[in-house]
Amino acid sequence: MSESNQPTIDIRGLHHSYKRQQALRDVSFSVEQGSIHGFVGPNGAGKTTTLKILATLLKPQRGTVRVFGFEIVGQYKSVRRKIGFMPDHFSLYRQMTVQEYLDFFAAAYGLDLQERTRVVGDVLVLTDMESRRNDLIKGLSRGMQQRVSLARVLVHDPALLLLDEPASGLDPRARIELMDIIRELRRMGKTIFISSHILSELAMLCDSVTILDRGTVRYSGSISGLSQGNGETADYLLSLAEDHPAAEAALRKVSGVIEVTKPAKGPQYRVSFHKQQTDPNLLLRAVLDSGAQILGFQEIVRHLNQAFMDLTEPGVPPVIMEAADNTPPTPPATDGGGAA
Amino acid sequence: MKLPVLALFERSLRLETRSALMCWSRAGLLILILFVMIPIQSMAKSGWLGAPGLHFLQELVWLNLVCITLAGFSYFASAITEEKEELMLGLLRMTDLSPVAILLGKSTSRLVGALLLLLVQVPFVLLAVSLGGVGLLQIAAAYGALLAYLFLVCNLALLFSVVFRTTPAAAAATFAVLLGFLIGHYWAAGMEQYLTSTHHVNLQRGAWPMLTTVIDLWRRAAPSDRLGAIFQTGFAGPAIGFQVASNLVLGTALFLLAWLVFDPCTREEKDAASPRRWRWRRATRRSRIPPQLVGLRAVSWKDFMFISGGWWGLLLKFGVVAFLVAACNIIALYFDSRKDITWEFEGGVLIWVSLITTAVCLALEAARVFQDETRWKTLSSLVTLPISVRELAYRKVAGVLAGTLPLLAGVVLGGLLVPDAIGSFFRDMEKQPTLFGVFAITILQYLLFLHLTAFLSLILKRGALPLAIAIQYMGGSFFMSFLAMGLSLGRAEPGAIFFIIGVICAVLTAVLHRAIGLRLIRAAAEE
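Read on for an overview of the structure.

The next subject is the environment of Val-155 of chain A. Looking at the element boundaries, Val-155 of chain A is found in the loop between helix H5 (142-154) and strand E7 (160-164). When near neighbours in sequence (up to four residues on either side) are disregarded, Val-155 of chain A contacts Leu-102, Phe-105, Ala-106, Tyr-109, Val-119, Val-120 and Val-123 of chain A.

The next thing to look at is the pairing of strand E3 (residues 36-40) of chain A. Residues and elements named next belong to chain A. Burial within E3 is extensive, with five of its five residues counted as buried. Here E3 shows two buried faces, one formed by Ile-36, Gly-38 and Val-40 and the other by His-37 and Phe-39. As paired strands, E3 and strand E9 (residues 208-213) are joined by four bridges and run parallel to one another. Its bridge partner lying in E9, Gly-38 is registered against Val-209.

For the rest of this paragraph, the subject is the sheet that holds strand E4 (residues 62-67) of chain A. Residues and elements named next belong to chain A. Across the sheet, which stays open at both edges, the four strands sit in the order E2-E1-E4-E5 with antiparallel pairing between neighbours. The outermost strands of the open sheet, each flanked by one partner alone, are strand E2 (21-31) and strand E5 (70-71). With two bridges connecting them, E4 and E5 associate as antiparallel partners. Residue pairing in the sheet places Val-67 in a bridge with Phe-70 of E5.

Moving on to helix H3 (residues 98-108) of chain A. All names here are of chain A. Summarising burial for H3: eleven of the eleven residues are buried, a large majority. Within H3, the full set of buried residues consists of Val-98, Gln-99, Glu-100, Tyr-101, Leu-102, Asp-103, Phe-104, Phe-105, Ala-106, Ala-107 and Ala-108. Residue Gly-110 follows H3 closely and has a positive phi angle near 90 degrees.

To continue, consider the environment of Leu-159 of chain B. Residue and element names in this part refer to chain B. Of note, Leu-159 is situated in helix H9 (residues 136-163). For the pair Leu-159 and Leu-103, spaced 56 residues apart in sequence, the C-alpha separation works out to 9.7 Å. In contact with Leu-159, not counting residues within four places along its chain, are Leu-254, Leu-257 and Ala-258.

To continue, consider the interface of chain B and chain A. Between chain B and chain A, the residue contacts involve 29 residues of the former and 30 residues of the latter. When contributions to the side of chain B that touches chain A are tallied by element, the ones reaching two or more residues are helix H15 (296-306), helix H19 (379-383) and helix H25 (494-526) of chain B. Broken down by element, the residue count for the side of chain B that touches chain A peaks at four residues, all from H15 of chain B. Here the residues of the side of chain B that touches chain A sort into 15 nonpolar, seven polar and seven charged.

So, how was this worked out
- Residues numbered from 1 in each chain as written.
- Chains lettered and ligands numbered in written order.
- Predicted model: local features only at pLDDT ≥ 70, side-chain atom pairs only at ≥ 80, totals over all residues.
- Helix = DSSP H or I, 4+ residues; strand = E, 2+ residues; numbered from the N terminus.
- Contact = placed C-beta atoms within 7 Å.
- Buried ≥ 20, exposed ≤ 12 C-beta atoms within 10 Å, placed from the backbone.
- Pairing = 2+ DSSP bridges.
- Nonpolar A, V, L, I, M, F, W, Y, C, P; charged D, E, K, R; others polar.

Structure, rendered in structure tokens:
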């Protein structure tokens, strides 16, 4: 597999337990290069454990984890050169100034003085912290400290950023600014793996997403695939001028229609159908032939919030990724078929 | 208990009772008592030791005194500061809990736990009467003195814990006052004697009689003086003496003072981030890592600057050495009636002062070198550098050593001043294996102590250094007892005993060395 096709992150059959509690069970997914990949799940789902394994802080107990093709246990030094990990807490030397802190990490990554000066200047500009470079970190606000954390992650120009809850505790302005910085980093060609609870922002930001629940992957694939359900069926909302039972009966007769329900009291119908057996045009024709007056006909897109609620409900069986066998890893599908 | 004022106190007691650490402490204490008793009895049987019961009691009581003092500036001094550091005191104050309820809950519960640790020993210590050489009255008086001293220490530490913002500050203040309380009266009495003998003052005039009385009361209030009297053969004094009464009164006064100042001292919550040590603020604002210090050397630089204190810290340490050398000279000139100061004397003083200062600084830094990273949760950032945890740990230690080992230049300088004495010391070591054994065991024990401190700092939030001192002290007493037993029974050569102790120290150091590495990896993952 060529390097350009190689997934940035490739996890296969990952298991991890803490004493009696199993944190991860057969977790498998991959992340494409240059994408922003959201990693969501309820508290205790195993997100931080996965992130710590990716950051080489924990050893996987079973399964394989590769980052840029490097095996995470045997080649951890190569992995560390490629990643920047921002934990869910402030990992800051609060008695240092911002400049000293960034300078220290840049030096620790082996950058010479000239390079350090340039890189530290660049990341300060990128995170809009130039004016605070000589301030003690302990005197900065939470949002500012978060920016310093992000700046630290960037000093060695990593190709993959692992961000654990980067927006937690930030005010709305700081959150929006942080999201802008993350988009800018994607434009710079970096792959960003971001764990967050703020689903609305993730939905706008991410190209793909993995939903984890109780240590099991419920979904892994593109955001658009998640919005369109499982890719085999579609849901449409039909709005009529007035109630028309004949239209409902006509819809039920169309081949491929799974069900027709009335979601509200008004003249509206929710139609579910198999995409391969029929298409929206046939449905429209059937309704028009029944004599009903159509006001609207639109696809019901499932938002990340709804998908999250649906997929993480108790009792939902674990979803198995198509590629989660012993075959060589392949990049995840970018369409709706990428559902795990 | 239904009173709201006792709610937190009750909760703390419940937690204390359920705490596995307390159970292990009590069990450890009993095992220690047993191990102290065995060699003493053996020595008494072989006729090496008279009054074994008294020796047994003395050993335990002095051990307790050291442990109480150590607990003062570790366990007790963090009672309120730990809540301040975690920014939890504001939340406690927002509840219905009054200041006295918080003080009782946070400090008095710890006092009760420690009192129980003392009281649990009493039935076993009564065995001293069977061993002989000591009476019930002596045991009662000794433990009474310890209980009163514990009460005083707890409330002194509580006061500083209320007044200061951080545990290190409260611990330093408690340590300084306790040190003054325990040994200051010896110095004051010596000073008084010197001034009288040189006819500088007349103790019968002016404020001197009152000062003399104060020094006398101070001496009588100190537990060391009281215990010295209790351990004398034929002690017939009261079981509860002046020391007990004064310590209880002082302790109560300190608790009331802590209650009084609680509100003004805890009204504002401030960030307790560790301050920049010994560095000029202006200079550090523009400081850069030297160009040659990249990669692993940058890690050493950070610890040299921020754990060891950097260049200013080094200067301060040299200042401390210079001050102590000057103090020794002054004491020698004025109190030891020396007419002149010889190079030999200067060399000896310089060697000892440099060695002791280096040892103290290294112990303090061993307690911080890894703990600061876990405390501020910065280990996960460091561990993701492209280096192994082993390399990281060694580089951190190298940074700390760079900030302290230059003090050993004093040893070299002292050695140059007294080359003959140094030469004869090494020749003596060659001739006398026992001297070499003591020298080697001292170094091995110190290395073990540093490792123990560093390891404890990774598993305890605070108090690693005092606990390491206590463990080392107990371990040292234990080994010394067995050494004496072996010699007294004539069953072991000194060389063999030193060899066994040396091997045990080396093995324990290696085990702790490995454990520190494993613990660092775990701590980084747990952040």
